[in-house]
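Read off the chains here:
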Amino acid sequence: MGEVIAIASQKGGVGKTTTAINLGASFASLGHRVLLVDLDPQGSVASSFGFTRYDINAGILDVFLSDMPIKEAIHRTGLYNLDFIPTNLWSDENERRRLVGSASKIKLKDRLAEIRDGYDFVLIDCPPSLGNLTFNALNAADSIIIPIQCEYYALKALGRFLKLTRIIKNDSNPNLSYRGFLLTMVDLRNRLTKIVIEKVRYTLKGLVFETMIPRNIRLAEVPYYGQPALSIDKSSKGATSYLQLAHEILGDGRNSSRYAADKEGVVEI
Ligand SMILES: Nc1ncnc2c1ncn2[C@@H]1O[C@H](COP(=O)(O)OP(=O)(O)OP(=O)(O)O)[C@@H](O)[C@H]1O
Ligand SMILES: [Mg+2]
């Protein structure tokens, strides 16, 4: 059965979607079957593969609100081993409100159960909020990756998010664990960056991935080309860093493996 990983943070623009796309592409390139699930009404996953809203007939709205088999919402990215369920939360404002406001908090978990056997990894790209969609993602997930943009106030917004994960773990998803915190948009030429890295690693004690994602133009170009960095330029720092992250998560000896399963309790911000 595939591992479901929510890529989440209520902070906007920290690299959630970039991580979902490029980590997903990296797992797929290593032979793992990957499904990306886009829970963000901005719909960035589809556009990162060159799809417009007119290319999408069914998506996450149908997964939540209809009895349509979830398989019918799965789209092929065109890359081997890599599928996605797009958001179509733009299609009907009333339905969108109904979903965001009142859908059952375990609906996504139930729906993914129908298909997760067909995948090694299901990566859920969360919206930048702590609403019903993020609740659904954290209830459906086995683990969470939390991107942290390497900036001075990086840790500031994290407290509420960590509190939410603790509540969900206590109330409805006891097996939820942190896969890790991921430092993104790292620019080591900047002295402040080094201070931030030190502070994040000290505060989050061993829960931070060794792999750091550099600020890299190929990653920023993903929506423009409609392809992951691995397809645009496989030797770019952006592509190789996400490949390294995939190895770190797989624990296949190409990078040290560290699964933060039992360490949630140590994080107090
Ligand atoms: N490592 C990186 N190097 C350069 N640009 C990046 C990097 N990571 C992300 N970006 C760019 O930064 C912006 C925000 O990234 P992204 O969309 O992945 O964040 P997000 O957390 O999903 O945002 P939102 O909260 O709005 O969904 C995008 O324009 C993206 O292309
Ligand atoms: Mg996003």
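Structure's up top.
Residues numbered from 1 in each chain as written. Chains lettered and ligands numbered in written order. Predicted model: local features only at pLDDT ≥ 70, side-chain atom pairs only at ≥ 80, totals over all residues. Heavy atoms only, no water.

(A) Examining the pairing of strand E2 (residues 34-38) more closely. Burial analysis of E2 places five of its five residues in the buried class, the great majority of the element. The two faces of E2 match: Val34, Leu36 and Asp38 on one face and Leu35 and Val37 on the other face are all buried. Sheet analysis places E2 next to strand E5 (residues 121-125), joined by five bridges and oriented parallel. For Leu35, the partnering residue across the bridge sits in E5 and is Val122. (Buried < 20%, exposed > 50% of the residue type's maximum accessible area, 1.4 Å probe, protein only. Helix = DSSP H or I, 4+ residues; strand = E, 2+ residues; numbered from the N terminus. Pairing = 2+ DSSP bridges.)

(B) Inspection of the packing of aromatic side chains at higher detail. Tallying each qualifying case throughout the model produces six aromatic pairs. Centroid distance Phe51 to Phe84: 5.0 Å. Interplanar angle 75 degrees. Geometry classified as edge-to-face. Remark: Phe84 occurs in strand E4 (residues 82-85) and Phe51 occurs in the loop between helix H2 (44-48) and helix H3 (60-65); sequence separation between them is 33 residues. Summarising the burial analysis for this pair, Phe51 and Phe84 share the class buried. (Phe/Tyr/Trp six-rings, centres within 6.5 Å; stacked < 30°, edge-to-face > 60°.)

(C) Fine view of the pattern of salt bridges. Applying the stated criterion across every chain yields a total of nine salt bridges. Note that Glu114 and Arg111 form a salt bridge whose closest N and O atoms lie 2.8 Å from each other. Overall, Glu114 belongs to the partly exposed group, its relative accessible area being 46%. The class for Arg111 is buried, based on a relative accessible area of 7%. Arg116 is paired through a salt bridge with Asp142; the nearest N and O atoms lie 2.8 Å apart. Of the two residues, Arg116 is situated in the loop between helix H5 (107-113) and E5 and Asp142 in the loop between helix H6 (132-140) and strand E6 (143-149); the sequence distance between them amounts to 26 residues. Look at the salt bridges and you will find they share partners, linking Arg218, Glu221 and Asp233 into a network. (Salt bridge = Lys/Arg side-chain N within 4 Å of Asp/Glu carboxyl O.)

(D) Spatial organisation of the sheet that holds E2. With mixed pairing, seven strands are arranged side by side in an open sheet as E3-E4-E2-E5-E1-E6-E7. The two strands at the open ends of the sheet, each matched to only one other strand, are strand E3 (75-76) and strand E7 (177-184). As paired elements, strand E1 (residues 3-7) and E5 share five bridges and run parallel to each other. Counted as the bridge partner of Val4 is Val122 from E5.

(E) Quick peek at helix H8 (residues 191-203). Relative to the 18 Å expected for 13 residues at 1.5 Å per residue, H8 spans 19 Å between its end C-alpha atoms, a close match to the ideal helical length. Among all positions in H8, only Thr193, Val196, Ile197 and Val200 are buried. The arc enclosing the buried residues of H8, seen along the axis, measures out at 100 degrees, which places them on a common side. When the buried face of H8 is taken as reference, the exposed residues oriented beyond 90 degrees from it are Arg191, Glu198 and Tyr202. The elements touched by buried residues of H8 are E6 and E7. Measuring from the backbone nitrogen of Leu192 back to the side-chain oxygen at the start of H8 gives 2.9 Å, which picks out Asn190 as the cap. Remark: Lys205 follows H8 within two positions and exhibits a positive phi of approximately 30 degrees. (Expected span 1.5 Å × (residues − 1). Arc of directions from axis to C-beta. Contact = heavy atoms within 4.5 Å. Polar contact = N/O pair within 3.5 Å; in protein donor to acceptor, adjacent residues only side chain to side chain.)

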